Each structure stands twice: as structure tokens, then as C-alpha cells.
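# Chain and residue survey
Spelled out from the first residue to the last, the chains are:
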2 protein chains.
Amino acid sequence: MMTLHLTERWEITSRSKESTWALIHSVSDAFSGWLLMLLIGLLAGSLAGLIDISAHWMTDLKEGVCLAGFWFNHEHCCWKSNITFTDRDKCPEWKSWSQLMIGHGEGAFAYILNYFMYVIWALLFSLLAVLLVKGFAPYACGSGIPEIKTILSGFIIRGYLGKWTLIIKTITLVLAVSSGLSLGKEGPLVHVACCCGNILCHLFTKYRKNEAKRREVLSAAAAAGVSVAFGAPIGGVLFSLEEVSYYFPLKTLWRSFFAALVAAFTLRSINPFGNSRLVLFYVEFHMPWHLLELIPFILLGIFGGLWGAFFIRSNIAWCRRRKTTKLGKYPVLEVFVVTAITAILAFPNEYTRMSTSELISELFNDCGILDSSKLCEYVNDFNSTKGDDLPDRAAGQGVYTAMWQLALALIMKVFITIFTFGMKVPSGLFIPSMAVGAIAGRLLGVGMEQLAFYHHDWVIFSGWCSQGADCITPGLYAMVGAAACLGGVTRMTVSLVVIMFELTGGLEYIVPLMAAAMTSKWVADAIGREGIYDAHIRLNGYPFLEAKEEFSHKTLAMDVMRPRRNDPPLTVITQDSMTVEDVEAIINETTYSGYPVVVSRESQRLVGFVLRRDLIISIENARKKQDGIVSTSIIYFTDHSPPLPPSSPSMLKLRSILDLSPFTVTDQTPMEIVVDIFRKLGLRQCLVTHNGKLLGIITKKDVLKHIAQLANQDPDSILFN
Amino acid sequence: MMTLHLTERWEITSRSKESTWALIHSVSDAFSGWLLMLLIGLLAGSLAGLIDISAHWMTDLKEGVCLAGFWFNHEHCCWKSNITFTDRDKCPEWKSWSQLMIGHGEGAFAYILNYFMYVIWALLFSLLAVLLVKGFAPYACGSGIPEIKTILSGFIIRGYLGKWTLIIKTITLVLAVSSGLSLGKEGPLVHVACCCGNILCHLFTKYRKNEAKRREVLSAAAAAGVSVAFGAPIGGVLFSLEEVSYYFPLKTLWRSFFAALVAAFTLRSINPFGNSRLVLFYVEFHMPWHLLELIPFILLGIFGGLWGAFFIRSNIAWCRRRKTTKLGKYPVLEVFVVTAITAILAFPNEYTRMSTSELISELFNDCGILDSSKLCEYVNDFNSTKGDDLPDRAAGQGVYTAMWQLALALIMKVFITIFTFGMKVPSGLFIPSMAVGAIAGRLLGVGMEQLAFYHHDWVIFSGWCSQGADCITPGLYAMVGAAACLGGVTRMTVSLVVIMFELTGGLEYIVPLMAAAMTSKWVADAIGREGIYDAHIRLNGYPFLEAKEEFSHKTLAMDVMRPRRNDPPLTVITQDSMTVEDVEAIINETTYSGYPVVVSRESQRLVGFVLRRDLIISIENARKKQDGIVSTSIIYFTDHSPPLPPSSPSMLKLRSILDLSPFTVTDQTPMEIVVDIFRKLGLRQCLVTHNGKLLGIITKKDVLKHIAQLANQDPDSILFN
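Within an unreviewed UniProt entry, the label attached to chain A reads Chloride channel protein, and the organism entered is Apteryx mantelli. Here chain A is described in UniProt, under the heading Catalytic activity (unreviewed entry), as follows: "2 chloride(in) + H(+)(out) = 2 chloride(out) + H(+)(in)". You can read under Subunit (unreviewed entry) in the UniProt record for chain A the words "Interacts with NEDD4 and NEDD4L."

The following block contains the structure:
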């Protein structure tokens, strides 16, 4: 009696505990999504800040060191300085290597010494990067976006988003960027953010166990990655939507936006650029553009498209060579050579010596009256200046020198980037692409400006570009060029325009950006259909079913399914007549990852689908733990099993491992619909029936091979896990 | 021989013609999409410009007329004036009604006369609007967004996007806006743009015949509609993506953006606001915000959420009353009464007399030194002014008066909008919602500003809001409030923030906007799950399968399919044993829109699905045109028909009308997956099988009813065509 009473009380207490637990659980469940986004944003933002600060410091380390503390970068070092000095950049605390070693920075010997140190540091950084990648996390190389696209489409690459990849990619990204190679940190930042997302998922049961939910989190993390790369949260979300994500459920749009914003503001509070700006390249233009300027903008678009197509072709050809020849066996040597060439070519030219993001920043900049950079050395005519408005002016000596140097920088960047992207170091190509476009744009912009200044009486300039007017903004041309080139390479459209729009915040400039992005996409698409990420996906043979391309062939499911016309019939398992031995024979003879279960071989009526893995485990367990299971035991997939004669061995019931709702289509279903189903429902296989009888099976691999075949590509290049 | 030769030549010519034609066709096919987008953008932009200009003129007509030409609106009239005058608004050419009738505008009598004329014009406009809607195009009423959402989900409402709806909606929208009712033009503009899209689709074969392609065009048109409503192309695309579209294929994202941009720039070239600005409310703030200001911003979010939930509940209750009681029978009287009340209450208060968009514009505005509006009547202390930067100042008499008037305007708008939205005139609620939020925000903003001015020594203000600093921008508060209220009503998230962001172009203000929008959505969601559009969809019983809500119940397909457990078996047609008579009997006895075809009644193995409509037409045609088809003729759905004995009547072969790839699921499929399939593939019905045998059918209506049942709603409220 007493015992009963106690049990009862215990039960009541436990029940009330349970309900409290259920309440906490449901609340935590509702908020876990938001909490996860918050954590991803915080972590991605912090890592991005860390990367920015370290890369900034190490980039400056190539040129010199701060005496006030070696951990200060150049700018920071000069801020800290108490001594007054004339040129903002040249504070006494900052010593170039020649100043440190031989006591002065002038003369040929000092120059050569600095040159030498620059190359040595660059080689040191890049070699360290490639060795770390090679030794600890081979997945940390490249941009990671093609792989993330593939993962989001349902493919599993084990360890690709693990903690080792995260740690090594973060460290080597800093090294690679600091080494001065022609690469950017944007793509790898997306990978880093996705690693954060994947690792943080493990904290929450809801996300740990559900593959689909985890992919939603990864989409949001990708948005956070782009958000910190550019300080463009809206652009980040759209990039994730347009470029990265395979299936983007709208309900995660808001959460992605939240993650992107948290990441952007975490980065801002870390303030790596020391200007409390959110965006990487802050620009402020004062003048509107004129309709006629659309012509040069479209020209920039054409240039961007041509460059994009040229880059993709050459890069893919080079990467294929790396994959297929001996070249691929010496990644360290490759990195060494490319870094050496880059550093040797880069140092003499001011515009390649500075970091690429600084270069872009300077190219985007609209010259103010106080700007001291060479690009702003115009012949000033202060009589015509009204207030802040600077009229178009004649270019001074500095501008002409800058033009030459920029042209050389352009040629160098165009070629060196082809060999850089795809090496065994983390490398993004947003920044190099933008640099190429920005240089081309600035060159064209300055050209237009001088044309308008010297020939303002021409018909095309009359009305909007009279003498003393500020009508051409070369910085805007640089920006349009950058958008065009980035568009040509990645084939981004809306997200590209939005990212660039977020940099300036001026709706006025959307039309030039859009005109350039559109032209660039059209031109590039006319030469080669694929963007760089899709091209790399295909190069690596990932099983990625492109969601944007329309399937417009007239083939039917029966043309694609296996078995083909003259093949042996489909391997099936019957629901109540096969023995353990029979099934084991099927498992040993074939390598399929699953088998359809039918009512009987004669009727071929489909009951369900059973996975090879589940079958093996179940039979093994049964043989070990269940009494009377021998090779002649019959396996039952039915709900109720018939009474057996006492002499026969006991039966094995396996209904629990049977998938009772496999997807089926009829053999007459057009492949257009089948492809659509595979895409939208993320299937891995689909059974084919005719008049209710099982006929065959179509796997994702079959679909991909079929598409490749129809596009006259090699169907055997497609990998599968 | 000769003949043959001729035929041959003709064939060759025809073939070469064909290939030219094919080339033209393929090029035109590739560009028809872009051309269509261009046309939609141009048409939507032009119509929006027309609506803006007319509405502007007619709104001013309520107050007076221009002597220089009655077709000039107030602003335009005063521009044209050659005579110099002091107050920009009071040019001699513009005569108020009292000036025109009794020769002067001063005194009580003139005031009453103007008051009277204001009310009369308002009534005239709104009555004309409701009569036009009632007489010519009943679909032209309301905002149209709930219906467009439903149409995009696959439901067909004939004539909803036709040319009559377009014409009448355009005209009545101008009338309704001009009448001064508490409504906006944004929702209806989306409807107008969709009508344009639908009508223009008829020009292109590709879009005329393909329902799915047409829906893509409609999504893009919706984006163009929002784009012209706010001058926010990116926001428009995101609105279409987030709120309107059911399934948004990414490949149309870029085209939508193009359409939205063309529309926005067409509108800008028409330049209806006379300021060559793209956006409706252009704002430029100079000061950053402080972290502590997030507290009032979140308060505004809470207000917005509460208002949104309150508005939705009251409006739905009122609309339900209109649907179910006699009220619905007198739409003209209803419009008359609401307009009369609105006009009578609006005239005495300056802030309700002006058009709502003007009001919002003024509320968003940051007071400059030269602003003459009452809201900017501060006590100036020119000693502390430095350059353009205005410090926080003490409020003058004007500000205090404005505060009172705004408070009254807020109360009036809150209540009158509930009764206005849903009347039989075109009515959007973006503008009224934003007005409510902007007023509340401005009130709070001015309050904060005065608090900071008088108590800048308080701890919370120390550090960032010292004396003479410009730390609080009331206009920003108005904007945040507007976003919060709009968010509360529509539950838009990303698109809302982006639209508001496009208005200011300052990335700095995204966080306040987002904090407010998020709080507002959470608060509103806690009170009632649905946004106003979903609530109206449910009120009207449209068969809309919400794509954002997760289906998380554990039911199976067998629980939902028909026939239910004790019903008679499913009506099927056999493939080769039923006579014309038998089939006609089935058609007459049942009302189903289609029938499964099986191998035989015994096997119940599914062959295909045949539509009722196709069956009726085929049998009718065969009876008329085909010899020997009588009631006892057997209908064959098989590929090959057996040889018949000569005595039997000739058979009817109907394989061509058979859908050989109907979607099937097994009876054990979880409803979660079934709902997902219906959503993603846009199905109307799906057959249910068990072990290869046909068991039943699930229609979209069944799915909707099931969802309604699980949510404890009345399943019979769902309409179906």
C-alpha cells in the first residue's frame, strides 16, 4: 500500500516535471532558431573581424613594422603616434624594413631591400598557408562556394563543414590574403560562416537531427558570410537566395536577414577598418549621371562579360590541366611559383603593391578638393570652384602616371588571377574580379572626363556637360566596371546590383549598375552558359541538379529508368517469400543502395522501398540477438504474418525498416516533370510503374547523366556518394 | 513528273522558309520574355504616372481651381505664375472655392463654403468610384493582393485580370484616392500592374498558352506594381517574392527586377511629383542614431504590432458583418456615409485635410533651418548653430499645435481605416498604415527630442546628447513607426525593411527599422497568426494553400483520401470493358471533375486519369462524327485494341485524352509530405495506392479542408472552382 502510494506520488511529480519540461521545450524550440541565428551572426562577424584585423596587420608587415609595438598595423601605428608629422602616412614610429635594417629608406639599395623583404614575407605567408591546408584540412582550399551549393542541393561531403576546416580555413585565409596573391576573402568567408552554422547546429537537437533544417541554417549562414564580406546584409541574403541556395524556403528569409544583420553589426563593433563604416568600400557620389553615359556603361558591361567568359574558360582549362597532369601533385611548388611571380611583379607598381581592397577603395573614390592621392592630381582652377562642387578639370601629371600604372596593373591582374583561383589555398574571386573591372572602369572614366573637359563643345556633351560643370564621376565608372566584371564571372544579377547599391546607398546609380550587369551577363552567357561556380561544380563532377536551367527535351521516364530495354530485370525483394539467404545473396551480388519490395514476383505490385544499409544491419542484429533466425528463415515485410508450421524456422519481421511511401511515377511521365520533381522534392530516387506494376527505378545519378548526355557532355564525369 | 518537280521545289522552298521561320521563332522566343517585361514596365509605369498626376490634380480640386488653366494642380499652377508673391503656396492664380464664389477667402462664411465644397467633391468622387465599380467591374474593388496571391497559387478567377478590370480600376483608383478616403494606391497598383501583365501575355503565344509561364509573368508584374508605388524596385521584387508569389522560380528574379526597374524609371520620366525623385518619400537624415534609441524604436514596434493585430481583428469582424448582414447590400450607401464622415472630420484638421502621402512626407522630413512648416517651428538659437547642423531646440508654439492636431489625426485614421478597407472601391492600406505609424513615431520622436533638450544632464543622455548637440531626429522616429505599423498589418519582413531602406538609402538606419519590424511582427503574431491578406483570403474562402506555414501533424494520406472508410468505393473507369452507355451513366451520376482509369475492377491497377470535360467532349464528338458509335460501343483506353467480332458495334478509342502520368502516393504517406507535394508541384489532385492497387483520391480541396479541420476551423468555408 505504502509502495503504491509512493509510486503514485512519484508519477504525479514526474508528470508535473514533464509538463514543465514540455513547456520549456516548446519555448526553447520556438526560440532556438533565432538563438542559432544570433550565435551564427556573432561568430561569423567575430571571425570576419579577426580575419580583417590580422590580414591588415600582416599585409603591412610585408612593408615594415611599428616600433611602438609590432602588433600595430601601419595606420594604427601612426594614429598612436604623439609626434607631429606632415604626411599622415609617414609617422616616425613606422619603419620600413630598409629603415630598420640599414637606417634609411632612400636610394636603390633600400628599395631593393624592401623589395626583397616584401617577396620573402609573401612567400612565407603563402607557403605556410598551403602547408597548413595540405597537412590538416584539404577541404579548406578554394572558395568553397561550389561545394556549398552542392551540399545545399542534398549531397553530403563529410567533414567539409567541420571544425578543422573552420580553424584551418580561418588561419590560412589570413595568410593567403596577406601574401598579396590575387585573391579575395569573400568566397572563403561564406565557407567559414557555413562551418560556423554547421558546428553551431550541433548545439540544438532540432537541427542536429534534421538534415533539411540544417540546410536552411546553412543558407542563412551563407547570407551572413557575404554580409560580413561586404557589409551588405540585404545583398548577402539575396546572394544566398540567388546563387548559393538550392531550395530557399521563404520562412527562412527573415531569419537569414537577421543572421546577416547580426554578423554585419558584430563586425562593425569590432571595427576592423577603424572608420566605423559598415561597408567595405564606402562611396559617396555627388553628381547624378546623364542618360548618354549609358553608352560607356554598356561598354563596361561588354568588357565585363568578355572578361568573365575568358576568365572562366582559361581558369577551367588550367584547373583541368591541374587535375589531369602531374601539375596537381605539386601544390606547394605551384603556390610558391605563383606567389613569387605575383610578389615580384606587384612590388614595383604602387597599385598592385597595395592590398586589392585598398586599390578598389581608391578607384571607387570620387576626388575631393583635399584628396592627396595621385589619382586626384588634377590641374586646379580655383576660380571656377563653387563650394564643395568640383568641376571637371584637366588631368595633372599624377593622373597620367596613375593611368599607366593602372593599365599595367590591369594586365597583371587579368592573367595572374587565372592561375591563382583554384590553387590549394583559400581563395575568393570577388575582389580580384572587382579590381579588374574597377581599373578598367576608372581608366574609361578618366578618359571620358578628359574628353568632356577638352571637348565640351561637342554635340554629345552639349546641354549637360558645359565648361566648369562637374559632369563625369570616374569613381562611378570604376564601380560600374567592378559590377560588370563580377557579374561576368559569377553571373550574379539581382544580388550583385543590390550589393553594389548597398555600397553607395544611392538609388540613382541602380540603372548604370543594372545596365552593366545585364550586358555583362548577356555577353558572357552568349560565350559560355555557366558561371564560374557551376563550371567548377561540373569540373569536379559533383552531382548538382541545376535549379535554374529549364529541361526542355521530350524524353520520357521510361527512356531514363533502369533496367534498360535489354538489361536483366530490376532486382526486387518480395514481401513474404524470400529467405534470409536469398536476401543476403541479393545484397552481395548487387551494389544498389536500396531495393523495391513487391507483393510477388509475378504481380510486381509495389509495397515499399528498403535501404541496403538498413537491411544489412537488421539481418546482422537478428542473427546475433534473435533466437531461431537461420539462413532459411523467411523475411516478412507484411503487416501480419501467417501462422507457420511448427517445424519451420522462426521468421524475421522487417516491416519497420520498410519505407512505405516511396515516390513513384509512371513510365509515360515526361522527363521534364521528373526533373522538376527531383529538384523540388530533393529526391534521391524514384520508382517507375506501368499500369500499377513496378517497372524500374530512376536515381538522381541517372537524371544527371541523362541531362549531361542531352547536353553532349560526358555522362561518366558525374560523381556520386 | 512536272508535278512532282513542282511539289519538290515547293517543299524545298517551304523548308527553307520554315528554317528561317524557326530561327526567327527561336530568337523571338528568347527575347519575348524580356520584351514582355519591358512592355509591362512601360505600361505599369505610365499608368502609375497617369494615376499620380490625375489624383494630384483632383485632390487639389477639392480645395480650389487654377485660373490659368483648370487642368493645373495647385503646385503646378503656382509654378506657372509670373506674378511674384510671398508665400510659395499662395499664388494669385490659384483660387480657393470661396475666393472664386464670393471673392475672398477670409472669415467664417468663406471657411464654411470651402468646407462644404470639400465634402461635396469628396462625395462626388467616391460615389462615382463605387458606381463605376458596381456597374462595370466588380473585381476592381479592394486591394486585390489577396486575390492575386490566390491566383498565383493556381486558382483561376475569370476576368479578375481582364481589360475591364484594368480600365475601371485605374479610373476608380484616381477617384477613390482623390476623395480623401483613408486608403492608399499601393495595393491597387499591384493589381493594375498584374492586369497589364496578364493582358500583355496575350501578345505572345508562349505566354498565352502556358498557365505556369503566365504566373511567372504575374509575379514580375506584381514587383513592377510595388516598384512604381514606392519607387523601390528592389523592395518591389522582394515584396513579390515574400508576400505575393506562391512559387517564385529564381530564373524570373532577374526579369522581375528588370520589369520593376523599367516601371520605376518610366514613372520617373513622367515625373508626376515634379521633383525628378524616384521615391515617393525622399528623406535624408544627417545624424546617426544612438544605441539607447533602440528602446523607443522597440516601443514603436510594439505599438505597430498591437495596432496591426487590432486592425486585422476589427477589419475582419467588420468585413464579416458586411458579408453576412444586410450591410453588404448597400455598398453605395456605405461608401457615401464613410466618405461623408471622413471628409467632415478631415477638413478642420490641417493634417488630415492634406493627402495622406503628403502627410507622411512631412512627418518623415528632418527639420532644416529654412523649413517653414508648423512641425519645424522651434525656438531658434542661432548662436549655437554651426553650419548646416541644427542642434536640438526647444519646441515652439507651432510644434505644440501640430502635436495636438497630429494626435487627433492619429485617432481618426486608426478608426476610419477599419471601415474603409474592404469597401467597394479600390483601396490599399500601405499608406493609411504608414500614416498611423508615422504620426505615432513623430509624436514619440518630438517627445524624446524635448526630453533630451530639457534634461540633457540625465544619465541616459550623457555622452551622446549634450547641450547643443543634434542627437534626436524625429523624422527617423516617424519612419520607424511607419515601418512598424505596416509590418504589423501585412507581416512583411525583409521586403518592408528594404522598401524603407530604399526610401532613405542609408544603411545606418536598417537596424532601427529591423528592430521595429521584428518586434512588430512578433507582437502581432502573438495576438493573431495571420496578416491582413491571409485573413482576407480566409474570410473569402479562397482555396489558398499557405506556403509558409509548416504542416506538423501526424496524419496519413489514408486519413484524408476519399472514399472514406464507410463510403461506396471510388468511381473508376476500366480501360477496355466499359461501354459508352456505362461511362455516360458515371458522368451523369457523379460530379467529379475527373476519373481514374484502371486495368480492371478486380485488379484496380491504375492506368491513368481522364478529365470529365475531355470525356464529355470526346463522346459527343464521336457520336456525331464517327460512324458506328452507339451506346453499346466499348471504350478503349489501351494502346492496342483487340480485333472485334464483325457483329459488334465499332469501338471508341480514347487513349489520346488519357493522362498517363497522374501523380500517385501510397496510403501510408504522411500528410506532411503530401501537403509539400501539393504546394511545390501545384497539384490539383493526387491518387492514392496501396500495394500497387488504386485506393482513393486526394484533391486540393480535401487537403485544405483537412488543414482547416486540424486548425479547428470550419472546413466548409473553402470555396473551389
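Let's pick the thread back up.
### Some thoughts on the state of the cysteines
Inspection of the entire model under this criterion finds 0 disulfides over all chains. We note that A:Cys319 lacks a disulfide partner, and the nearest cysteine sulfur, in A:Cys141, lies 10 Å from it. Summary of cysteine pairing: B:Cys194 is not part of a disulfide, and the nearest cysteine sulfur, belonging to B:Cys195, is at 7.3 Å.

### Comments concerning the pattern of salt bridges
Residues and elements named next belong to chain A. One pass over the full model with this rule turns up 25 salt bridges over all chains. For Glu186, the salt bridge identified is with Lys185, shortest N-O distance 3.6 Å. Note on accessibility: Glu186 and Lys185 belong to one class, buried. The partner of Arg562 in a salt bridge is Asp702, and the shortest N-O contact between them spans 2.8 Å. Within this pair, whereas Arg562 is found in the loop between α22 (557-560) and β3 (573-574), its partner Asp702 is found in helix α26 (residues 700-710), the two being separated by 140 residues in sequence. Asp702 sits in the buried class, given a relative accessible area of 8%. Salt bridges sharing common partners tie together Asp52, Lys185 and Glu186.

### Digging into the UniProt feature "domain: CBS" (unreviewed entry) in chain A
Per the UniProt annotation, the sites labelled "domain: CBS" (unreviewed entry) are residues 561-625 and 651-717 of chain A. Secondary structure over residues 561-625 of chain A splits into 37% helix and 23% strand, and the C-alpha atoms at its two ends are 39 Å apart.

### Focus on the packing of aromatic side chains
One pass over the structure, following the stated rule, counts 53 aromatic pairs over all chains. Each ring, one from B:Trp71 and one from B:Phe72, has its centre 5.6 Å from the other, and the planes form 50°; the classification is tilted. The buried category is assigned to B:Phe72, whose relative accessible area is 12%. Clustering of aromatic rings is evident, with ring pairs tying together A:Phe31, A:Trp34, A:Phe258 and B:Trp522. Stacked on the ring of A:Phe347, the Lys or Arg A:Arg353 has its end atom at 4.4 Å from the ring centre.

### Here's the deal with the relation of the copies chain B and chain A
In the superposition of chain B on chain A (RMSD 0.1 Å, axial shift 0.0 Å), the rotation amounts to 180°. This pairing of chains is accounted for by a two-fold axis. The overlap is high: 100% of the interface residues of chain B also sit at the interface in chain A, so the same surface is used on both sides.

### Concerning the interface of chain B and chain A
Across the contact, 61 residues belong to chain B and 61 residues belong to chain A. The junction of chain B with chain A conceals about 5700 Å² of combined surface from both sides, 74% of it contributed by carbon and sulfur atoms. Counting across the interface, chain B meets chain A through 0 salt bridges. Counting across the interface, chain B meets chain A through 8 residue pairs in polar contact (both at pLDDT 80 or more). Mapped onto the side of chain B that touches chain A, the elements with two or more residues apiece are α10 (233-244), α11 (251-270), α19 (494-504), α20 (510-527), β6 (606-611), β9 (664-666) and α25 (671-681) of chain B.

### Overview of empty space enclosed by the protein
Tallied over the full model, the rule gives 10 cavities of 30 Å³ or more. Of all the secondary structure elements, the ones that give two or more residues to the lining of the largest cavity are β6 (606-611), β10 (664-666) and β11 (685-690) of chain A together with β9 and β10 (685-690) of chain B. The element contributing the most residues to the lining of the largest cavity is β9(B), with 3 residues.

### Notes on the pairing of strand β11 (residues 693-699) of chain B
Residue and element names in this part refer to chain B. Two elements, β10 and β11, share 6 bridges in a ladder whose sense is antiparallel. Note that in β11 the partner of Gln685 across the bridge is Thr699. Counting the residues in the hairpin turn of β10 and β11 gives 2 residues, including Asn691, whose phi is positive at 50°.

Cut-offs and rules
- Residues numbered from 1 in each chain as written.
- Chains lettered and ligands numbered in written order.
- Predicted model: local features only at pLDDT ≥ 70, side-chain atom pairs only at ≥ 80, totals over all residues.
- Heavy atoms only, no water.
- UniProt positions renumbered as here; feature names shortened; annotations may be inferred.
- Disulfide = S-S within 2.5 Å.
- Salt bridge = Lys/Arg side-chain N within 4 Å of Asp/Glu carboxyl O.
- Buried < 20%, exposed > 50% of the residue type's maximum accessible area, 1.4 Å probe, protein only.
- Helix = DSSP H or I, 4+ residues; strand = E, 2+ residues; numbered from the N terminus.
- Phe/Tyr/Trp six-rings, centres within 6.5 Å; stacked < 30°, edge-to-face > 60°.
- Lys NZ or Arg CZ within 6 Å of the ring centre and 35° of its normal.
- Least-squares fit on C-alpha atoms with pLDDT ≥ 70 in both.
- Contact = heavy atoms within 4.5 Å.
- Buried area = accessible area lost by both parts, 1.4 Å probe.
- Polar contact = N/O pair within 3.5 Å; in protein donor to acceptor, adjacent residues only side chain to side chain.
- 1 Å grid on protein atoms, 1.4 Å probe; cavity = no way out; pocket = protein on both sides within 12 Å on 5 of 7 lines; lining within 4 Å.
- Points joined across faces, edges and corners; volume = space filled by probe spheres on them.
- Pairing = 2+ DSSP bridges.

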